[in-house]
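# Per-entry structural report
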Amino acid sequence: MSLVDPASSAHSGVAFGAGKVILFGEHAVVYGYPAIAGALPLGVQAHFERAERCQLLAPQGLNEKQLALLQQAFGKAAEVVGLPKVCVRLEARLPMGAGLGSSAAVSVACAKALAMAAFPGEEGGAWLERAAPMALCMERVFHGNPSGVDHSTSLRETLLWFCKGQAEKLSSPAPLKLLVAMAGKRSSTKSTVEKLRERQEKWPKHHARLFEEIGRCTEEARGAIEAGDLALLGELMNVNQGLLSALQLDSENLTRGVHRLRTAGALGAKLTGAGGDGGAIIGLFENPEAAEKVLRAEGIECFACQLAGPRS
Ligand code: MEV
């Protein structure tokens with residue numbers, strides 16, 4: 001687990017927060033059903049060094065509202081560890097606001113940097129434990145009442161089974177390879193989650209049926225991952241996409257993108273994260289690099305990655 005650049009001391013260094021993709025169970029996880037999520041190699045780096053006071057230098061390109069929210073979240077997390085005298089500078093190497101866990105990556109990178117600055121004598125494992133509640137505290141400022149799957153995956157940097165605040169590492173005997181593609185701009189996770197909550201409160205029975213079915217699909221997917229059954233896993237991704245669509249969490253852009261991934265050879269494809277009017281989509285492939293070339297030539301922003309399993 002890459003907690004810190006090996007060249008760093010705890011008075012200065014670089015802490016990493018990974019981006020994530022949700023393979024199964026987004027949204028249902030907010031209602032207590034399980035989710036499966038994997039960490040991306042892309043993420044956010046928090047460069048930190050001693051300073052006169054505790055401060056955050058935000059990345060370029062944020063609007064006033066985003067900036068205020070980020071400073072508020074950082075301030076709350078820093079208070080948890082007594083406002084260590086450190087300056088943290090963020091560098092994002094992940095599409096922001098696309099459904100790939102950028103806010104969790106920011107939260108985890110900041111929380112790790114603050115933990116390392118506040119407790120320089122400690123080891124990696126202890127910093128991780130200290131960083132977890134700080135990252136959740138930041139996520140609450142960004143999202144209101146998050147399930148915790150995003151920052152847990154970002155922090156653990158592995159394939160996770162997540163349910164009701166408990167996380168468990170999953171192993172796959174087969175290489176779990178994805179193509180991640182962008183399918184248009186989207187609204188914030190907070191507003192998509194809130195709109196779904198309004199519909200759920202209006203029609204609770206109908207939503208309970210859909211969430212239960214997503215939960216069953218996620219449990220079956222765990223079995224498929226542990227058995228290395230990629231064909232079944234792909235099929236279940238398609239089913240999960242259908243259920244997200246029934247919850248009105250997809251859009252024209254997302255649906256078109258998901259179909260494009262399937263015609264490019266995906267064993268299964270779905271939106272990932274909050275969805276709504278746009279965001280990111282994922283396709284399960286045996287060889288995502290070939291599809292990546294084809295889609296890039298069509299002007300689709302995408303990248304291949306492996307979440308788990310043996311690497312060749
Ligand atoms: C967002 O990445 C995942 C959601 O399930 C929200 C959450 O789990 O808090 C949509």
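Residues numbered from 1 in each chain as written. Predicted model: local features only at pLDDT ≥ 70, side-chain atom pairs only at ≥ 80, totals over all residues. Heavy atoms only, no water.

### Remarks on the overall build of the protein chain
Scanning the protein chain from N- to C-terminus turns up nine helices and 10 strands. In summary, the protein chain has a C-alpha radius of gyration of 19 Å against a globular reference of 20 Å for 312 residues, a match within 12%. Relative to its 312 residues, the protein chain shows a buried fraction of 52%. The contacts of the protein chain with a sequence gap of at least 6 include a subset with a gap of at least 24, amounting to 75%. Put simply, the protein chain shows about 13,800 Å² of open surface, and 51% of that area lies on carbon and sulfur atoms. Computing the positive centroid from 33 side-chain charges and the negative centroid from 32, the protein chain places the two 3 Å apart. (Helix = DSSP H or I, 4+ residues; strand = E, 2+ residues; numbered from the N terminus. Rg over C-alpha atoms; globule rule 2.2 N^0.38 Å. Buried < 20%, exposed > 50% of the residue type's maximum accessible area, 1.4 Å probe, protein only. Contact = heavy atoms within 4.5 Å. Areas by Shrake-Rupley, 256 points an atom, 1.4 Å probe, with all protein chains shown as cover. Lys, Arg positive; Asp, Glu negative; His and termini not counted. Charge placed at Lys NZ, Arg CZ, Asp CG, Glu CD.)

### With respect to helix 6 (residues 204-227)
Side chains of residues three or four places apart in an α-helix project in the same direction, reflecting 3.6 residues per turn. The end-to-end C-alpha distance of helix 6 is 35 Å, a good match for the 34 Å that 24 residues give at a rise of 1.5 Å each. Taken from the residues just after helix 6, G228 is the one with a positive phi, measuring 70°. (Expected span 1.5 Å × (residues − 1).)

### Considerations on the pattern of salt bridges
Summed over the entire model, instances satisfying the criterion amount to 12 salt bridges. A salt bridge links E157 to K112, with the nearest nitrogen and oxygen atoms 3.3 Å apart. A residue pair is termed long-range when its members are at least 10 positions apart, and E157 in the loop between helix 4 (149-156) and strand 5 (160-163) and K112 in helix 2 (residues 102-118) qualify at 45 residues. Of the charged contacts, one joins E298 and R260 as a salt bridge, the two residues approaching to 2.6 Å between their closest N and O atoms. (Salt bridge = Lys/Arg side-chain N within 4 Å of Asp/Glu carboxyl O.)

### A closer look at the environment of G32
Counting through the fold element by element, G32 comes out in the loop between strand 1 (12-24) and strand 2 (35-50). With residues near it in sequence (within four places) discarded, G32 still touches C163 and K164.

### What to know about the site of the ligand
Close to the ligand lie K20, I22, E26, H27, V29, V30, P146, S147, V149, D150, G273 and A274. One nitrogen or oxygen atom from the main chain of H27 is found 2.9 Å from an oxygen atom belonging to the ligand. Note that an oxygen atom of the ligand is positioned 2.8 Å from one of the side-chain N or O atoms of D150. In isolation the ligand offers 300 Å² of accessible surface; the protein chains occlude 96% of this area. For the shell around the ligand, the secondary-structure elements that each account for two or more residues are strand 1 and helix 4. (Near = heavy atom within 4 Å. Polar contact = N/O pair within 3.5 Å; in protein donor to acceptor, adjacent residues only side chain to side chain.)

### Quick word on the nonpolar core
Core analysis: the largest hydrophobic core is formed by 66 residues, its most contacted members being L23 and L176. Considering every element that reaches this core, the biggest residue donor is helix 2, with 11 residues. Counting residues in each nonpolar core, the second largest holds 24 residues, with A183, L210, A266 and F285 among its members. (Core = buried A, V, L, I, M, F, W, Y, C linked by side-chain atoms within 4.5 Å.)

### Some points on the packing of aromatic side chains
A full pass over the atoms with the stated rule returns two aromatic pairs. Ring centres of Y31 and F211 lie 4.3 Å apart, and the angle between their planes is 20°; on these two criteria the pair is classed as stacked. Taken together, the residues Y31 in the loop between strand 1 and strand 2 and F211 in helix 6 connect sequence positions 180 residues apart. The exposure classification of Y31 matches that of F211, with both residues buried. For the ring pair Y33 and F211, a centre distance of 6.4 Å and an interplane angle of 35° mean the geometry is tilted. Of this pair, Y33 sits in the loop between strand 1 and strand 2 while F211 sits in helix 6, placing them 178 residues apart in sequence. A residue is classified by how much of its surface remains accessible, and F211, at 2% relative accessible area, is buried. One aromatic cluster is present, built from ring pairs that chain together Y31, Y33 and F211. The ring of W161 carries R222 above its face, with NZ or CZ at 4.8 Å from the centroid. (Phe/Tyr/Trp six-rings, centres within 6.5 Å; stacked < 30°, edge-to-face > 60°. Lys NZ or Arg CZ within 6 Å of the ring centre and 35° of its normal.)

### Considerations on helix 3 (residues 124-143)
Counted at 1.5 Å a residue, the expected span for helix 3 with its 20 residues is 28 Å, and the 27 Å between its end C-alpha atoms agrees. At A131, helix 3 is deflected by roughly 30°, the largest bend along its length, and proline P133 occurs up to four residues later in sequence. Within helix 3, the full set of buried residues consists of W127, L128, A131, M134, A135, C137, M138, E139, V141, F142 and H143. Tucked inside the fold, the buried residues of helix 3 contact helix 1 (64-80), helix 2, helix 4 and helix 5 (189-202). G144 occupies a position one or two residues after helix 3 and carries a positive phi of about 90°. (Bend = angle between axes of the 7 residues up to and from the residue.)

### Let's talk about the pairing of strand 9 (residues 280-284)
When a strand is regular, its side chains alternate between the sheet's two faces. By the criterion of burial, strand 9 is predominantly enclosed, with five of the five residues buried. Judged by which residues are buried, strand 9 turns out to be covered on both faces: A280, I282 and L284 on one side and I281 and G283 on the other are all buried. Bridge count between strand 7 (residues 176-182) and strand 9: five bridges; the pairing is antiparallel. Bridging across to strand 9, M182 finds its partner in A280. (Pairing = 2+ DSSP bridges.)

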